[in-house]
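# Structural overview
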Amino acid sequence: MFGLSVEEAAKLHGHKGPWLVLGYKAGKRAKEILKPESEHDLYCIVKTPLKTPYTCAIDGIQAVSGCTLGKLSIEIKDSSLEETTYLFIDRRNNKRVEFKLRTDVPKLIDELYEKYGLERTAEIIESEDICKLFKEKLYD
Ligand SMILES: [Zn+2]
């Protein structure tokens with residue numbers, strides 16, 4: 001199976017932060033749902049503010065989902081933080097799953113970061129249930 005572990009994703013990215021982990025978790029969940037057989041099956045449209053740390057999620061998505069800039073299978077669109085959405089499309093059958101970031105998550109991350117710093121915050125987000133982080137919607 002293609003795709004990197006979360007630790008490998010952190011290595012690729014340079015550090016393990018909460019936004020990297022958010023992208024990684026969404027990509028991993030998209031794979032569980034859409035069950036791609038190869039790294040070419042999925043296409044991703046990311047809506048995010050074009051600013052770090054928010055864009056760190058893009059590296060998490062690329063590392064796990066096979067949707068990469070090099071394969072032209074990921075598209076990045078500027079949006080407000082409230083509209084942050086990761087949409088995964090299965091190119092074999094056009095099934096789509098959308099992960100819309102819950103609006104309280106950025107604030108939660110900021111609060112955790114203030115208290116615990118980057119690494120611990122990333123770990124907390126990593127262990128958080130995916131449905132606490134995103135609204136998930138499947139389109140057949
Ligand atoms: Zn980062």
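Preceding this paragraph is the structure being described.
Figured I'd write up the structure that's included with this text. (Residues numbered from 1 in each chain as written. Predicted model: local features only at pLDDT ≥ 70, side-chain atom pairs only at ≥ 80, totals over all residues.)

## Side note on the sheet that holds strand S3 (residues 85-90)
Sheet architecture is open: five strands sit in the order S2-S1-S3-S4-S5, paired in mixed fashion. Strands at the two margins of the open sheet, each flanked by one partner only, are strand S2 (74-78) and strand S5 (134-139). Sheet twist, expressed as the mean angle between neighbouring strand axes with direction ignored, is 15 degrees. Note that strand S1 (residues 42-48) and S3 share six bridges and pair antiparallel. Across the sheet, the residue bridging to Val46 is Tyr86, located in S3. Contacting S1, S3, strand S4 (96-101) and S5, helix H2 (residues 18-34) crosses the sheet at an angle of about 30 degrees to S3. Contacts from helix H3 (residues 56-65) reach S1, S2 and S3 within the one sheet, and its direction differs from that of S1 by about 170 degrees. (Pairing = 2+ DSSP bridges. Helix = DSSP H or I, 4+ residues; strand = E, 2+ residues; numbered from the N terminus. Axes fitted to C-alpha atoms, helices over the stretch in contact; angles between N-to-C directions. Contact = placed C-beta atoms within 7 Å.)

## Thoughts on the pairing of S4
With burial as the criterion, only one face of S4 is covered, namely that bearing Val97, Phe99 and Leu101; the residues Arg96, Glu98 and Lys100 on the opposite face remain uncovered. When S3 meets S4, the two strands line up antiparallel, connected through five bridges. If you follow Phe88 over to S4, its bridge partner there is Val97. As consecutive antiparallel partners, S3 and S4 are separated by five residues, and within that stretch Asn94 has a phi angle of approximately 65 degrees, a positive value. As paired strands, S4 and S5 are joined by six bridges and run antiparallel to one another. Opposite Arg96, over in S5, you have Tyr139 as the bridge partner. (Buried ≥ 20, exposed ≤ 12 C-beta atoms within 10 Å, placed from the backbone.)

## Observations concerning the packing of helix H1 (residues 6-13) against H2
At their nearest, the axes of H1 and H2 sit 11 Å apart, and the two run at 130 degrees to each other. The angle between H1 and H2 places the two elements in the oblique class. Remark: the crossing between H1 and H2 carries right-handed chirality. Only Leu20, Val21 and Tyr24 of H2 make contact with H1, whose side of the interface consists of Val6, Ala9, Ala10 and His13. A class-by-class count of the residues in the contact of H1 with H2 yields six nonpolar, one polar and no charged. (Parallel < 35°, antiparallel > 145°, perpendicular 65-115°, else oblique. Left-handed = near helix turned anticlockwise from the far one by under 90°. Nonpolar A, V, L, I, M, F, W, Y, C, P; charged D, E, K, R; others polar.)

## Considerations on the nonpolar core
The nonpolar side chains of soluble globular proteins are, as a tendency, buried together. Counting residues in hydrophobic clusters, the biggest one holds 33 residues, and the most contacted among them are Leu20, Cys44, Ile61, Tyr86 and Phe88. Broken down by secondary-structure element, the contributors of at least two residues to this core are H1, H2, S1, H3, S3, S4 and helix H5 (118-127). Ranked by residues supplied to this core, first place goes to H2 with eight residues. Contact partners of Tyr86, with chain neighbours within four places excluded, come to Gly23, Ala26, Cys44, Val46, Ile61 and Phe99. (Core = buried A, V, L, I, M, F, W, Y, C linked by C-beta atoms within 7 Å.)

Function cannot be inferred from these measures alone, as they are strictly geometric.
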